[in-house]
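The lines below spell out each chain.
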Amino acid sequence: MTTELKEHVEFSKVIRERHSVRKYDPSWNITDEEIKAILDDAILAPSSSNLQPWRFIVITDPALKEQLLPIANNQQQVVDASATIAVIGDIEAYRNAEKIWEYAEAAGYVTSEVGAAMAKRSRDGYSSLPVQKLKEIALVDGGLVSMQLMLAAKAKGYDTVPMGGFHPDKFRELFSIPERYETVMLIALGKAAAEGRSTARLPLEEVVQWNGFEG
């Protein structure tokens, strides 16, 4: 089997074996280095103008998990999973445009002139958008990085479940999150104590149309 074919088979296996897991082994600990490796893969996700608005809060402290539990509608995985990762989006990510393009210049991807021009274009363009549009962008980009995080975790032998069922205002209060940041989702990460339930998908012919759309 060629390397290319092997990688395709392994990726196909990862996306088919990933299921939302809600029961976790509470005795299993994931090291900080393992979590960092998963996040390192996750942040390779695409984002609008490469502004990378995602930010993460990694929650591993047992006492803090207990505080989070009622905020997350008493979903037990918040406590039992090795970590709960909160994904939040920076609606003012354009403020980091210069820094991002400086990294690109240091890596040799662009010249200083091109980097400065692109940074100015991003800052000027995004800073003029309505707040609601900036929130929408942060949520879309947050969804992209969240999915990549879950696939990265599965590729390393861990399980996840995305959670939108929590109280954003109470979560924001617990972690003193400024208004600049939009809550996206919580993701439980750990070792499954019971397999996630297999779910059916609609066939392609029910969800795909070519060159047009009829509702």
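Before reading further, recall that the structure is shown in the block above.
Residues numbered from 1 in each chain as written. Predicted model: local features only at pLDDT ≥ 70, side-chain atom pairs only at ≥ 80, totals over all residues. Heavy atoms only, no water.

J.: Please clarify how helix α7 (residues 131–155) should be interpreted in this entry.
T.: Residues separated by three or four positions in an α-helix point in the same direction, a consequence of the helix having 3.6 residues per turn. For α7, spanning 25 residues, the distance from its first C-alpha to its last is 36 Å, which sits close to the expected 36 Å at 1.5 Å a residue. A positive phi of about 90 degrees marks G157, the residue just after α7. (Helix = DSSP H or I, 4+ residues; strand = E, 2+ residues; numbered from the N terminus. Expected span 1.5 Å × (residues − 1).)

J.: Whenever I open this one, empty space enclosed by the protein confuses me. Can you help?
T.: To find leftover empty space, a probe the size of one water molecule is rolled over the atoms. A complete count under the given rule lists 1 cavity of 30 Å³ or more for this structure. Taken together, 13 residues form the lining of the largest cavity, with L51, D90, A93, Y126 and I137 sitting closest to its centre. (1 Å grid on protein atoms, 1.4 Å probe; cavity = no way out; pocket = protein on both sides within 12 Å on 5 of 7 lines; lining within 4 Å. Points joined across faces, edges and corners; volume = space filled by probe spheres on them.)

J.: Please clarify how the sheet that holds strand β4 (residues 181–190) should be interpreted in this entry.
T.: The pairing of strands in a sheet comes from backbone hydrogen bonds and takes either a parallel or an antiparallel form. Strands sit in the order β1-β2-β4-β3 across an open sheet of 4 strands; the sheet is antiparallel. Where the open sheet ends on each side, the last strands, each with one partner, are β1 (54–59) and β3 (159–163). This sheet shows a mean twist of 25 degrees between the axes of neighbouring strands, independent of strand direction. Bridge count between strand β2 (residues 83–90) and β4: 8 bridges; the pairing is antiparallel. Note that in β4 the partner of T84 across the bridge is A188. (Pairing = 2+ DSSP bridges. Axes fitted to C-alpha atoms, helices over the stretch in contact; angles between N-to-C directions.)

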